[in-house]
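So you can see what is in the structure, the chains are spelled out below.
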Amino acid sequence: MNNESKINIKLSFYCLLVLIIISSCGKKNEVAPAHSNLPFIHWKAGDDIIVTEDLYIDSVNFIIEPGVKVKIRSGCNIIIGKNYSVKLMAIGTGDNPINFTTYNPEGLPDKSYWGSIIINNLYNEPAIPTFEYCNFIKGGGQGSEAVIINQSNNINFSNCLIDYSLNYGILAKNNAGFNEFTGNTIKHTLNHPVSITSGKAHTIGINNIIIADSTNQGIFLSTGNLNIGYDSIIWRAQTVPYIIPNDFSVTGSTVVSSFFIIEGGTTIMLGENSNFYVGDRLKFIAIGYIEKPITFTSLQKEPQPGDWSDIRFNHEANAVFKYCIFEYGGEYEDHMVDNAMIRLYSTTNISMDNCLFRYSESIAVLLYKYGANLSIPSFSSFTNNTFENLNTYAISLQSESVNSIDYTNNFNNHEIYIQESTISSGHTIWKNLGSAYILDSYVTINGEFETILEIEKGTKVKFDRGGIKIGTASSYGGKLIAVGTEEEPIIFTSAKENPDYGDWGGILFYKYSRPGNILNHCEILYAGEYSLNFNQASVHISGNDTNVSVMNSTIAHSSHYGLIVSGSANPYLFNNTFFDNLE
């Protein structure tokens, strides 16, 4: 057979046998290592191969040289290794690629796309099966699922072009992946350019140019559960996003910690109502850069806040986020008490730095103590983050967790929600972060030894209801230190848009509060809500000692009294202003 001959391939044992004989007889011209115990199908440089029916390649060395042109009739497929393993080497060059195109001599417009190349069982000795510098043009037609359907894990696919498909470009089925997938170009596909399981997405390598025809197409992850076991895997940045259509979870080994790394520049699109769960025994690393952030966003063509649910971490999760963007999540559900775009459940091993949180339907970041015996959640680092265009609060957390929030964050006037909680130990500081704290319940300060809540000058604390209680239990105590300045007073006030008398309870010092409580240069406004434990007042001091100092402060707009002193309490009161209190 000379270089200008054409081989018309029919679906029959006879024609396949002829090919094997032609390829294996005479002078050998091998282009790659071959399996020594198998016969050959050898398509040589310059050959035009015409496939007019489905072609099955089984139990052979299948070699395709540079420059071969394979023309495939509409709806026909090449099936490699369906019944028996094949040694495959299809290696072109940059100047002389192997071309797979349509055979359509009649020029019929509805016959211009061929089917698929379906890859099944392959030998990986003495070399890895390879498609290199191959062009696949106008496949995926006539009901085919993709141009390339890969069901093998031991194939190299490099420097190839897939151009025009009526379905997927590449479909990796049955948890198949790649030994190598680099330098490929995929474009003009009606469906996603690539579909692969989440467990094999890391086999998509570098230097690929993947172009989607729609903004919500990309690398489609066909399964939602990823257990990486003892391995460490990387999702490489590609030119299209990773598509997660439904709930997704990633977990590690139960014995040792595994690493799941998302490369800078990666975009992950999450489907409607979906959540992204990060489990135990796993180090989750998502480190982007100023010019190449990692983005978690909506799959919708016209994204809206709440398109996807949340990214959540349980109490043993460990994660690092730098230069990440979180947007269009935080789906709000009426029956949920923990709606948020980012949810941290009793974990203390999460760092988030230089990140952007925007367009969340509910709270952007939630720290939630999930179980009585678990840790109070906090950040290992939380710096230089920005919140913008949120429907509600920036962060929801317990009182003690505020210690882990750095001054460098920009909240853009989005408020910080303080959950109902008890400060039972240590020195908690509510920092002046440039945005108000919001409470709709009581925060209680009760703890052994020196349990302190300190509020920094210039801080604003707003109440929907509730207030602050200090020293309610006989075996414990607590201390509140709120020291502002004339220029930067601390303001305790109503959270209502139109504040009114008695919108919240007040600041209540019980008799077990420890000495050293201070309210200095504070404004306590619109308090005095009815309480079962005290008469109604903005500030109520009860006790047997001089344990409270109130100085240079303004108490106004109480629904009852401005200040009540009961029992044998003997507070230090100096230079305070009282006005517009109803009793």
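Right above here is the structure, for reference.
First, a word on what this report is: a plain description of the structure on this page. (Residues numbered from 1 in each chain as written. Predicted model: local features only at pLDDT ≥ 70, side-chain atom pairs only at ≥ 80, totals over all residues. Heavy atoms only, no water.)

### Things to note about the overall build of the chain
Now for step 1: When its secondary structure is counted, the chain shows 1 helix and 59 strands.
Now for step 2: Its C-alpha radius of gyration of 34 Å places the chain more than 25% over the 25 Å reference for a compact globule of 583 residues.
Now for step 3: The 583 residues of the chain split such that 56% are buried.
Now for step 4: Sequence separation of at least 24 residues holds for 71% of the intrachain contacts in the chain that already meet a minimum separation of 6.
Now for step 5: For the chain, the accessible surface area stands at approximately 23,800 Å², while carbon and sulfur atoms represent 46% of it.
Now for step 6: Here the chain contributes 35 positively and 56 negatively charged side chains, and the mean placements of these two sets differ by 10 Å. (Helix = DSSP H or I, 4+ residues; strand = E, 2+ residues; numbered from the N terminus. Rg over C-alpha atoms; globule rule 2.2 N^0.38 Å. Buried < 20%, exposed > 50% of the residue type's maximum accessible area, 1.4 Å probe, protein only. Contact = heavy atoms within 4.5 Å. Areas by Shrake-Rupley, 256 points an atom, 1.4 Å probe, with all protein chains shown as cover. Lys, Arg positive; Asp, Glu negative; His and termini not counted. Charge placed at Lys NZ, Arg CZ, Asp CG, Glu CD.)

### Notes on the environment of Tyr437
Now for step 1: Within the fold, Tyr437 resides in strand E44 (residues 437-439).
Now for step 2: C-alpha separation for the pair Tyr437 and Ser378, spaced 59 residues apart in sequence, amounts to 17 Å.
Now for step 3: There is a polar contact of 2.5 Å between the side chain of Tyr437 and the backbone oxygen of Lys431. (Polar contact = N/O pair within 3.5 Å; in protein donor to acceptor, adjacent residues only side chain to side chain.)

### Some details on unusual backbone geometry
Trans peptide bonds make up the majority, and among non-glycine residues the majority have a negative phi.
Now for step 1: With an omega of 0°, the peptide bond running from Glu125 to Pro126 counts as cis.
Now for step 2: You can see Pro126 is positioned in the loop between strand E10 (117-119) and strand E11 (130-132).
Now for step 3: The phi dihedral of Asn413 is positive, around 70°, even though this residue is not glycine.
Now for step 4: One can find Asn413 in the loop between strand E40 (395-397) and strand E41 (416-418).

### Notes on the sheet that holds strand E48 (residues 467-470)
By definition, the strands of a sheet pair up through backbone hydrogen bonds, in either a parallel or an antiparallel sense.
Now for step 1: Read across the sheet, 6 strands follow the order E42-E45-E48-E51-E54-E57 without closing on themselves; strand pairing throughout is parallel. Each edge of the open sheet is held by one strand with a lone partner, namely strand E42 (421-423) and strand E57 (561-567). Taking the axes of each pair of neighbouring strands and ignoring which way they run, one obtains an average angle of 10° across the sheet.
Now for step 2: Of the strand pairs in this sheet, E48 and strand E51 (residues 506-509) are connected by 4 bridges, and their pairing is parallel. Counted as the bridge partner of Lys469 is Leu508 from E51. (Pairing = 2+ DSSP bridges. Axes fitted to C-alpha atoms, helices over the stretch in contact; angles between N-to-C directions.)

### A closer look at the environment of Ser401
Now for step 1: Summarising the element assignment, Ser401 is placed in the loop between E40 and E41.
Now for step 2: Considered as a pair, Ser401 and Tyr368 are 33 residues apart in the sequence and their alpha carbons are 9.8 Å apart.
Now for step 3: Other than its neighbours up to four places away in sequence, Ser401 contacts Leu367, Ile376 and Pro377.

### Comments concerning the sheet that holds strand E55 (residues 548-551)
Now for step 1: The strand order across the open sheet formed by 6 strands is E43-E46-E49-E52-E55-E58, and the pairing between neighbours is parallel. Here the strands that pair on one side only, and so sit at the sheet edges, are strand E43 (427-430) and strand E58 (572-574). In this sheet, neighbouring strand axes are inclined to one another by 15° on average, regardless of whether the strands run parallel or antiparallel.
Now for step 2: By the bridge criterion, 4 bridges tie strand E52 (residues 517-520) to E55 in an arrangement that is parallel. Looking at the pairing, Asn520 lines up with Met551 of E55.

Geometry only, nothing functional implied.
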